[in-house]
Amino acid sequence: QIREKEVKVFTDNFAVLSTQAAFLAGLGFSALSMLPYWVKKDQQDVSIGELNVFYGLVSFSIGCNILTMAISSWSMIFGPQLAIRGSD
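Now for a look at the structure at hand. (Residues numbered from 1 in each chain as written. Predicted model: local features only at pLDDT ≥ 70, side-chain atom pairs only at ≥ 80, totals over all residues. Heavy atoms only, no water.)

To continue, consider the overall build of the protein chain. Regarding its fold elements, the protein chain presents 2 helices and 0 strands. Burial statistics for the protein chain: of 88 residues in total, 17% are counted as buried. If you take every contact in the protein chain between residues at least 6 apart in sequence, the share linking residues at least 24 apart comes to 73%. (Helix = DSSP H or I, 4+ residues; strand = E, 2+ residues; numbered from the N terminus. Buried < 20%, exposed > 50% of the residue type's maximum accessible area, 1.4 Å probe, protein only. Contact = heavy atoms within 4.5 Å.)

Have a look at this one:
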């Protein structure tokens, strides 16, 4: 009975983690469609290096958030069965 309560707590924690990762991935996707604040609309001499770093880091964060969502979802689906069943 204590083990089942502990499994429920861990499952709830993974649900919160997955929700936050989904929210941050959504923010990352919206960051891909925006123009950074240091680039003015009429500015023609935009540094390509800065934009590449910005969009590269945004893409990396989206990938990490999607990976976090996948791992936490997998843990919520298969984790409780494995925790109650044990190592057999």
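Three or four residues apart is the spacing at which side chains of an α-helix point the same way, because the helix has 3.6 residues per turn. Between its first and last C-alpha atoms helix α1 (residues 2-32) spans 45 Å; for 31 residues at 1.5 Å apiece the expected length is 45 Å, and the two agree. Its buried side turned inward, α1 meets α2 (48-85). (Expected span 1.5 Å × (residues − 1).)

Tracing the chain through its elements places E6 in helix α1. In this structure, the C-alpha to C-alpha distance between E6 and A83, residues 77 residues apart in sequence, is 9.6 Å.

Our next topic: the side chain of S75. Its place among the elements puts S75 in helix α2. Classification of S75 by relative accessible area gives buried; the value is 17%. In contact with S75, not counting residues within four places along its chain, are F14 and P80.

In this fold, F29 is placed in helix α1. You can call F29 partly exposed: its relative accessible area is 48%. When the C-alpha atoms of F29 and I62 are compared, they prove to be 7.2 Å apart, with 33 residues separating the residues in sequence. In this structure F29 touches I62 and I66, once residues within four positions along its chain are discounted.

Looking now at α2. Over its 38 residues, α2 runs 54 Å from end to end, which matches the ideal 56 Å to within 8%, given 1.5 Å per residue. For α2, the principal kink sits at F78 and spans about 45°; a proline, P80, occurs within the next four residues. Taken together, the buried positions of α2 are L51, F54, V58, I62, N65, S72 and S75. A positive phi of about 95° marks G86, the residue just after α2. (Bend = angle between axes of the 7 residues up to and from the residue.)

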